[in-house]
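The primary structure of each chain is shown beneath.
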Amino acid sequence: MKKKTKKNLHVDTPTVSFKDYVNGSKEFEFIKMAKNGAKTLPFFKETWDFIERNLENDDRYINVLIPFMSYNLHLAMLEEDKKLREKYIWSIWYYLKLDEPLLICHFQKESEQLILEADQQIHQILEGDYSEFLELQKEEKYNNTVIK
């Protein structure tokens, strides 16, 4: 039997498709934010709670919700700190997903555009993280392989 060395060791790393990576990441982030809360822009949560609370009594508040979410998404994209920008974009996406049925019911065209824009930002974030994920996956597979 041939002795395994780093030179002749071949590691077959199952690759995760980008689509599966995106779906898994979205699910993971949504669950994490549902449990721990989302890192939002200053005053976002208070205003969102105010709009949500008043929306129960007055349907006209839906007219405020979409521009508010759009404004905050664009504001988050202007953040210079990459990590903060990504956290803010994820949090806007999270709150959009919470209100998605309501938004689509009342303002289908406007809400679809806003949700699409948030999803595009999430895809850009995940595209950058995907290559790092594959490298980490290869390293973990390599480190778990027994070299005899």
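Values in this document were obtained by computation on a predicted structure and should not be read as measured data. (Residues numbered from 1 in each chain as written. Predicted model: local features only at pLDDT ≥ 70, side-chain atom pairs only at ≥ 80, totals over all residues. Heavy atoms only, no water.)

A. Region of interest: the nonpolar core. The biggest cluster of nonpolar side chains holds 33 residues, and the ones touching the most others in it are Phe-44, Met-69 and Leu-96. Going through the elements one at a time, α1 (18-36), α2 (44-55), α3 (62-77), α4 (82-106) and α5 (108-144) are the ones with two or more residues in this core. Those residues in contact with Leu-96 that lie beyond four places of it in its chain are Met-69, Leu-103, Leu-114, Ile-115 and Ala-118. (Core = buried A, V, L, I, M, F, W, Y, C linked by side-chain atoms within 4.5 Å. Buried < 20%, exposed > 50% of the residue type's maximum accessible area, 1.4 Å probe, protein only. Helix = DSSP H or I, 4+ residues; strand = E, 2+ residues; numbered from the N terminus. Contact = heavy atoms within 4.5 Å.)

B. Local environment of α4. The end-to-end C-alpha distance of α4, which contains 25 residues, comes to 34 Å, matching closely the 36 Å that a straight helix rising 1.5 Å per residue would cover. When the local axis directions of α4 are compared, the greatest deviation, roughly 65 degrees, occurs at Asp-99, which is followed within four positions by the proline Pro-101. Buried residues of α4: Glu-86, Tyr-88, Ile-89, Trp-90, Ser-91, Ile-92, Trp-93, Tyr-94, Tyr-95, Leu-96, Asp-99 and Leu-103, and no others. You can read the cap of α4 off the contacts: a side-chain oxygen lies 3.1 Å from the backbone nitrogen of Lys-83, and it is on Asp-81. (Expected span 1.5 Å × (residues − 1). Bend = angle between axes of the 7 residues up to and from the residue. Polar contact = N/O pair within 3.5 Å; in protein donor to acceptor, adjacent residues only side chain to side chain.)

C. Structural context of α1. In this model α1 runs 26 Å from its N-terminal to its C-terminal C-alpha over 19 residues, within 8% of the 27 Å that 1.5 Å per residue would give. Every buried residue of α1 is listed here: Tyr-21, Val-22, Ser-25, Lys-26, Glu-29 and Met-33. Down the axis of α1, the smallest arc covering the buried residues is 130 degrees, so these residues share one side. Facing away from the buried side of α1 by more than 90 degrees, the exposed set consists of Lys-19, Glu-27, Phe-28 and Lys-35. (Arc of directions from axis to C-beta.)

D. Representation of the pattern of salt bridges. Counted according to the given criterion, the structure contains six salt bridges. With its nearest N and O atoms 3.5 Å apart, the salt bridge here joins Lys-32 to Glu-29. Of this pair, Lys-32 and Glu-29 both sit in helix α1, separated by three residues, roughly a single helical turn. For Lys-32, a relative accessible area of 35% gives the class partly exposed. (Salt bridge = Lys/Arg side-chain N within 4 Å of Asp/Glu carboxyl O.)

E. Region of the structure containing the packing of α2 against α4. One way to put it is that α2 packs onto α4 with a least axis distance of 13 Å and a crossing angle of 5 degrees. When the axes of α2 and α4 are compared, the pair comes out roughly parallel. Mapping the contact onto sequence places Phe-44, Lys-45, Trp-48, Glu-52 and Leu-55 in α2 and Ile-92, Tyr-95, Leu-98, Asp-99 and Leu-102 in α4. Classifying every residue of the contact of α2 with α4 gives seven nonpolar, no polar and three charged. (Axes fitted to C-alpha atoms, helices over the stretch in contact; angles between N-to-C directions. Parallel < 35°, antiparallel > 145°, perpendicular 65-115°, else oblique. Nonpolar A, V, L, I, M, F, W, Y, C, P; charged D, E, K, R; others polar.)

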